Structure formats: structure tokens, C-alpha cells
Amino acid sequence: MGVGALKIFSLLLVFSIIPGCTKSNDPEKIISKIVSGNSEERIAKVTGNLDEKRIQNKNGETANWLTHGRTYTEQRFAPINQITTRNIKDLGLAWFWDTNTSRGLEATPILVDGIMFTTGAWSVVWAHDAKTGSLLWSYDPKVPKAYGKYACCDVVNRGVAVWKGRVYSGTLDGRLIALNAATGELDWQVQTTDKSKPYTITGAPRVVEDKVIIGNGGGEYGVRGYVSAYDASNGAQIWRFYTVPGDPSKPYESAALAKAGPTWRAGEAKYWEIGGGGTVWDSIAYDPELRLLYVGVGNGSPWSRFIRSPGGGDNLYLSSILALDPENGELIWHYQTTPGDSWDYTATQHMILADIEIYGETRKVLMQAPKNGFFYVIDRVNGELISAQNYVPVTWATHIDLETGKPVENPETNYADEAKLTRPGPLGGHNWQPMSYNPDTGLVYIPVMENSFTYSQDNSFQYEPGQWSLGVDTDFMIPDSDPNEILKALKTPPVGHLAAWDPINQKEVWRAQHTSAWNGGSLTTSGNLVFQGLADGRFVAYDATTGELVWEYPVNIGIMAAPISYSIDGEQYIAVLAGWGGAFGLSGGIPKHRNNVLSEGRILAFKLGGSQSLPDPELSFIEIPEPPNFDFTANEVAAGASLYSRYCAVCHGIGLISSSGGTPTDLRYTSEAAHKNWDAIVLGGLYANQGMVGFADVLDASESKAIHSYILQGIRESIALCKSDYRKQYPELLDTACTLTRSGPQ
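Visitor: What should I look at first to understand the packing of helix 9 (residues 634-647) against helix 13 (residues 701-723) in this one?
Guide: Two quantities define a packed helix pair, namely the angle between the axes and the distance from one axis to the other. Between helix 9 and helix 13, whose axes approach to 7 Å, the crossing angle comes to 100°. Between helix 9 and helix 13, the interaxial angle falls into the category roughly perpendicular. On helix 13, the residues touching Glu-636, Val-637, Ala-639, Gly-640, Ala-641, Leu-643 and Tyr-644 of helix 9 are Glu-703, Lys-705, Ala-706, Ile-707, Ser-709, Tyr-710, Ile-711 and Gln-713. Taken together, the residues that form the contact of helix 9 with helix 13 break down as nine nonpolar, three polar and three charged.

This is the structure we're talking about:
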């Protein structure tokens, strides 16, 4: 669409120049650039020369956020100090934009000379004027909603890459798309995955040396992981590195896989038929001086190594950091954080590159706090372990042996024969939420999770293609129905904190304790500040040196994403996506915090003297409706509990409680029509166009009835608890557990 076609700008004028008023979001492409001055020509110019040289320009690009972690180092440090601990009291809302989506928002925006590029749920891409919040264009890749079943951790997307006039993004159904940065029109797209397998993409791509680097997810469903490089100009595949070996009767694809092969020892469940896991679903970093590309590798499939590889072995390259040659994808070195992983301890968590002085010597290091609970400092030149220390309580291992570089496992947490309560749990001590590093303070700011999990092996495991393939007994996720036990669980839920970690001395310097889990990623600045969004609906800032809370702003919805900082016309902005969901929101089984009330997400931008304000939430409070009076037996309820935990809890929540803002919903609020059409939905896929596919391939009518029975019984028990004196005694615990909060006009 050319500029001449946009003379019809009178209506656009009203909604483009008033920050906070851009509420409409037509699913088709929208252009509103006359008012802001961001013409197609200007956007094409400022993005057309975005290349490796600009990203590496440490001094001249401080106003921008050009790649996922701001620079290739992924430090998430903004060298702008207009906003400081002294004047942050004057930080106010500059603009906001309603996303009109009630699913999780996890993206880190890219900011190029006043243009913000980011993504939302279902892989939708947006471009905004970063000064006013005006929507410039949007692109919906039309992901089939049925793919929602394979998104273990919500239909989220963590952002885009921008390079030489194009915007690159992965889609939930496995495509890599390249859009014209000026218009939002599709330039090219390529299917990066086998569509017959349950692969997904939620991570942000990176571009290095004119190659788009992209991985994928799906490890819980049975896939084989890999990372690929595509020609940024036309989408041609240049190389692919598989992270785990395939069928051992066939030739290995690389020398690295030939080395990995003997570390896998198959049993009855052939790992190559299931896939093996090892997906590269998030972290990527790049050192242009060393010309090394670093990728983090995920967990095994199934989780239990005693099913996946009963003969033992480290199962390379699961839960590893890989250093690859970006030219051809060949492995240069690897470091495995959790050999023979059995706990879903991925090494896909954020990696930071820095040059720091250790024992009087400047070392080029890579730092990571993966799920397994240890903080690693690794020589990024050769993969040598420099130091490792637990940053959360850990029970699966006693320590990391610095001579071998391997963890010393605690045999008491071996769950092959009996259930074992282990710390951390599969959510990890740190999940995908990015950490940040401030070279002025020398500290890394980690969004920490405090959690545990009872692991028990599923000794009757049978691989079911397209279904959860954990190899653990999901019956241990069935919560107790005793009200006293429910209250006990609500009083001691998983929580989190922000840890300021000294990577040289491997110790915590300060922490900011949070009341809830699943808090957002961090941003640190040269104004001696650390910003973080919280699950309790606040956006906050801390003194980076002391940890003192110096600023907070209520946004009324949980924040998972990491903020960014940028500058326009001499004014520094802090921006963040606010929208609740993700793995914990979907399946955590914990009610939302009482201040996390909104259903739909927003993009928020702040600056000194910002004078906008958020509208007061329009809220409706819905009590759990009485269920239909269907007959069922205690045996059906028990069978249904087991089936629900295996097939349904990942999307609808442990114990029927899901705190996600949108669909899939908390099934205690199932409509009368859905109850009546139960089999048509659960078996026949009546709601497939909403993401609820049918399960007739793994469930029969009696099993569908058993699940329905469990849900009906759970609804009745919830209503009884909510009508009891317990709610009067513990309103802070039970009000959000007993009431569904919906925002917006009803």
C-alpha cells in the first residue's frame, strides 16, 4: 500500500496521535503512518541498513534495541542513564496499546530508530510508532488453532529479528516468515519443520552473517531437536544441526552425532522413534569476534532416562550449550549441564556473553542459569567450565565437580523405583524469562523460581504420537480434595524472587522476594536500575546496587516478558509487554494473584514526565456455575482424574485450575452447552477451530465420560469449598480460587 493511498487519514489522525487510544486491532494489515511521519520510505531506510556492523556498534546505537538481547552479547543492559534512581519517581506512562488478545505475551520488542517490532499470541507480528504507540502495521500468519494442542507452554511468541529491511519471525506451526519491514507484507516463508510431527516454534530468531537462525519446540510430545540456518534474502536452507542422534541403523548426519551416538543406549522404547527431544526452543547468542554461535539445548523425550536410555549414557547433546560454526553449523565445542537429564532440566535458558576479570585475568565468558539450579560461568572460547554454584536449593545433585565439569548426582533422587520429591521441579530454578547483566555493578539479575516436584516413573509408559510423552507418572499431579490440604497448598504455592548474582564469587548479593511465581524477565540500565514485571500485576524498578524498591506501577495484569529501553528525541523510554499465561498460567494449578485481574494484554511505554494513565479495569466476577446433574460413579471419577492429568492438565490446569486469561479455560466454568456436547468436543473436535482438538485417537467414550465425571465432581467440591466458612476465614486465598475475573464490557 503506497503513501498516496493513505490520504484518508482524518479518522486515523484521531487514533494515531493520542497515546493510549489505539484500541482497535483489525486482523488484517493496518497502516497509520502519515500522522507519525513514519512513512514506508523512512522505515525502509532505517531498517534497510540494519546489519551486523550496526548491531556491533557499541557507542552509536545506544538509543536502539536492535536484536533480542539488545546486542549479540545478550546482556540486556541499556547504556542510557537519563532515568536514574534519583529521578525515577517522575517516571510515568507515555503510552499504551491494547493487544486484544487474552493469551500469554512473552516477546522482547526490537526497536529501530523509533519503530517498534514485536509479536503476540498465535505468532501475530506488529509494528508501532515507539513514541506514540500508533499501530503502523500488523501481520497475522493465520496459524491453525489446532496447533495449540502441541504448544506445551501456551501459544506464545518471544519476538522477531530485523535485518536489512526485513522482519523475521517463527510461527507456532513451524514456519519462518520474512516480512517487509516498511509495509508488513509477506516477502517469503519456509516450513522449517516436518508437519507430520508435533513441532512448534515460540522462540525469537537471530540473524548472523546474513543467516537467520531458528530452532523449535515440542520435546514433551516426541520430536527430534535441531537448529537451522536460512539465507536471510530468500529463505533457502544453508545448514541444519541435529542435537540428538537419529536411527542408529542409518548413517549419522555429522561427526558430532557419531560421537553422541554411543551415549544413547536404547531399550524397549526406541528413542529415535519417539524423537529423543533436545529441542532448541529459546536461547541463542553470537560472538562475531570468535565467530561462534551459541545455542541452548532442551530436555530429553521422554523425560525419564531410564525409559529413554535404560543402558545409561549422558545422552548427548541434551541439556547442553553448543558452540557452532555459523558458516556451516559444525560443532566446535559443547558443555552439558545435566548429563542424562531426567528432570526436564533444559539448558535453553538465556545465555549472556561478557568479558570479566577472574583471578586477575580477563576471561571471555558465557553465563547461564539453566533450569537445574546451578549458575555456570564457562569460557566461551573453548567450553571450559570456570565455576558453578547453585543459585536455588538443589536436591538432585550435591555440587558440580570442577575437575570433570559434571554434576555429582544425589542417588536419593533417583525416581526409577519410587517417587521422589526433588528441587527444583520441571519449571526450573530459572525458566525462559531473560536475566540481565550490568557491567557497572558486575551483577547478573536472575528471575528465580522457587519450586519442587514429585517425580515418579511411569513404568507402563507407551509412546502415543502427538501426546504428552513424559515417562513420568502424572497421577502424582492429582491434588488432594481435602479442603485442609487445598488450603495448605494455597498457603505455600511456588513463588519467585529477583536474585542479584555475583558471577565472579558465585554468590547472591541481594534478592527482591516476590509473592507469586512466574515473574517477568529483567532489564538493567546505566542509571543503576533494574526493571522487572511481576505476576502480581505490577511493573517495578530496583536500585541495581542495593536491591531497594525505588518505583512501582500497577498495570493490573501479570507480566512475563522482559522490558527494553530506548531513546527518541532525547527522551529515554522503558517498554514492556504485559499479558498473563505461559506454562505456569495454563497448567500451574494456582489461582491468579488478586491484583492480576485483566484478561487482555497491553504494550506499555514509560518516560520521565509521562502523563498518561490506564483506564480503571471494567471487571466482572463470575462464581463457579452449578454443573448439570449427570450420574457417575466413584470409580469413574478416579479413572477420570488419572486421564485428565495425562491428557488435559497441560492446557486446563492441575486440579482443574488454570489462571490463563483466555481459552483454554478453567474447566470449572464449563458452559451448559459444552457439558451437553461433551463427547462431540472431547472426541469429535467440535471446538478444533478454537484450539480444542478431538482426542478420539487416544480416548474412547467411556474414558471421555470418566474425564467428564472427574470434572463434574471437581466442580461440586469447589462450589462446596467456596460456600463454606473456609472462604470467610481465608478470603485472600480463596476469593481468586472461587471467582473468575473477566475484564472489559460484558
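Visitor: What should I look at first to understand the sheet that holds strand 23 (residues 374-379) in this one?
Guide: Taken in spatial order, the four strands line up as 21-22-23-24 in an open sheet, and their pairing is antiparallel. What marks the edges here is a single partner per strand, and that holds for strand 21 (351-358) and strand 24 (385-390). On average, each strand axis in the sheet is tilted by 25° relative to the strand beside it, whichever way the strands run.

Visitor: Please clarify how the pairing of strand 24 should be interpreted in this entry.
Guide: Regular strands show a simple pattern: their side chains alternate between the two faces of the sheet. Relative to strand 24, strand 23 runs antiparallel, the two being bridged by five bridges. Directly across from Ile-378, in strand 24, lies its bridge partner Leu-385. Hairpin connection, strand 23 to strand 24: the antiparallel pair is bridged by five residues, and Gly-383 has positive phi, about 85°.

Visitor: I'm lost on the sheet that holds strand 19 (residues 320-324) in this one. Help?
Guide: Sheets are built from strands paired through backbone hydrogen bonds, the pairs being either parallel or antiparallel. If you walk across this open sheet you meet the four strands as 16-17-19-20, and the pairing is antiparallel. Among the strands making up the open sheet, the edge pair consists of strand 16 (284-287) and strand 20 (331-336). With direction set aside, neighbouring strand axes in the sheet form an average angle of 15°. Examined bridge by bridge, strand 17 (residues 292-296) and strand 19 share four bridges and lie antiparallel to one another. Across the sheet, residue Leu-293 finds its bridge partner in strand 19, namely Leu-324.

Here is what the cut-offs are and how they apply
Numbers given to residues run from 1 along each chain, matching the order in which its sequence is written. This being a predicted model, a pLDDT of at least 70 is required before a residue's local features are given, and a value of 80 or more before pairs of side-chain atoms are given or counted; all residues contribute to the totals for chains, interfaces and linings. To obtain the side-chain values, all non-hydrogen atoms of the structure were used and water was disregarded. Angular values range over 0 to 180 degrees, each being the angle between N-to-C directions of two axes fitted as lines to C-alpha atoms, with helices fitted over their stretch in contact. Numbered from the N terminus, helices here are DSSP runs of H or I no shorter than four residues, and strands are runs of E no shorter than two. Angular relationships are summarised with four words: roughly parallel below 35 degrees, roughly antiparallel beyond 145, roughly perpendicular across 65 to 115, and oblique for the angles in between. Throughout, a contact is declared for two residues whenever any of their heavy atoms are within 4.5 Å. In the scheme used here, Gly and all other residues not listed as nonpolar or charged are polar, with Ala, Val, Leu, Ile, Met, Phe, Trp, Tyr, Cys and Pro taken as nonpolar and Asp, Glu, Lys and Arg as charged. Paired strands, in this sense, are two strands between which DSSP finds at least two bridges.

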